[in-house]
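Structure at a glance
Residues per chain are reported as follows:
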Amino acid sequence: QGQLVESGGGLVQPGGSLRLSCAASGFTLDYYSIAWFRRAPGKEREGVSCISSSDGSAYYANSVKGRFTISRDNAKNTVYLQMNSLKPEDAAVYYCAADRACVAQPAYWGQGTQVTVSS
């Protein structure tokens with residue numbers, strides 16, 4: 001059975017950086033579009049970024065554009081989210097998710113990793 005596992009979350013000061021990883025086991029990420037979502041306490045889930053399986057196109061929410069970069073390493077069966085210039089409002093639980101395309105409701109989800117941005 002396939003599984004997505006996020007890692008790389010933690011506590012960082014405002015202006016700092018983190019790199020989140022989304023590793024797949026039991027299936028190959030090559031054929032899937034991978035998205036990152038986040039949910040902060042009391043807020044709706046927000047789509048952050050997505051990388052397409054078809055042509056590698058990357059999409060970003062306006063709130064993270066220019067600060068976050070999504071990438072994939074098919075050899076490692078892993079997708080990354082490089083987060084720079086972090087702000088307190090970026091604090092949330094971050095989830096990766098997989099589907100055949102970049103969609104609002106992907107079929108497969110990881111368990112999430114906590115990102116805290118605080119001084």
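So, here is what we can say about the structure in this document. (Residues numbered from 1 in each chain as written. Predicted model: local features only at pLDDT ≥ 70, side-chain atom pairs only at ≥ 80, totals over all residues. Heavy atoms only, no water.)

All right, on to the nonpolar core then. Counting 28 residues, the largest nonpolar core has Ile 34, Trp 36, Leu 81, Met 83 and Tyr 94 as its most contacted members. Looking at this core, the elements with two or more residues in it are strand E3 (18-25), strand E4 (33-39), strand E5 (46-51), strand E7 (68-73), strand E8 (78-83), strand E9 (92-99) and strand E11 (113-117). Those residues in contact with Met 83, other than ones at most four positions away along the chain, are Gly 16, Ser 17, Leu 18, Leu 20, Arg 67, Phe 68, Tyr 94 and Val 115. (Core = buried A, V, L, I, M, F, W, Y, C linked by side-chain atoms within 4.5 Å. Buried < 20%, exposed > 50% of the residue type's maximum accessible area, 1.4 Å probe, protein only. Helix = DSSP H or I, 4+ residues; strand = E, 2+ residues; numbered from the N terminus. Contact = heavy atoms within 4.5 Å.)

Let us now look at the sheet that holds E8. Sheet architecture is open: four strands sit in the order E1-E3-E8-E7, paired in antiparallel fashion. Unpaired on one side and paired on the other, strand E1 (3-7) and E7 mark the two borders of the sheet. Across this sheet, the average inter-strand angle for adjacent strands is 15°, counted without regard to direction. Here six bridges tie E3 to E8, and the two strands are oriented antiparallel to one another. Paired with Arg 19 across the bridge in E8 is Gln 82. (Pairing = 2+ DSSP bridges. Axes fitted to C-alpha atoms, helices over the stretch in contact; angles between N-to-C directions.)

Working definition: the covalent bond between the sulfur atoms of two cysteines is a disulfide. As enumerated under the stated definition, the model contains two disulfides in all. The disulfide partner of Cys 50 is Cys 102, and the S-S distance across this bridge is 1.9 Å. Between Cys 50 and Cys 102 the sulfur-sulfur dihedral comes to about -90°; the bridge is accordingly left-handed. Separated by 52 residues along the polypeptide, Cys 50 in strand E5 and Cys 102 in the loop between E9 and strand E10 (108-109) bring together distant segments of the chain. (Disulfide = S-S within 2.5 Å.)

Here we come to the pattern of salt bridges. With the rule as written, the count across this model stands at three salt bridges. Across the pair Glu 46 and Arg 38 runs a salt bridge whose closest N-O atoms are separated by 2.8 Å. For Asp 90, the salt bridge goes to Arg 67, with nearest N and O atoms at 2.7 Å. One end of the pair, Asp 90, is in the loop between E8 and E9; the other, Arg 67, is in the loop between strand E6 (58-60) and E7, with 23 residues separating them in the sequence. Per residue, the accessibility class of Asp 90 equals that of Arg 67, and both read buried. (Salt bridge = Lys/Arg side-chain N within 4 Å of Asp/Glu carboxyl O.)

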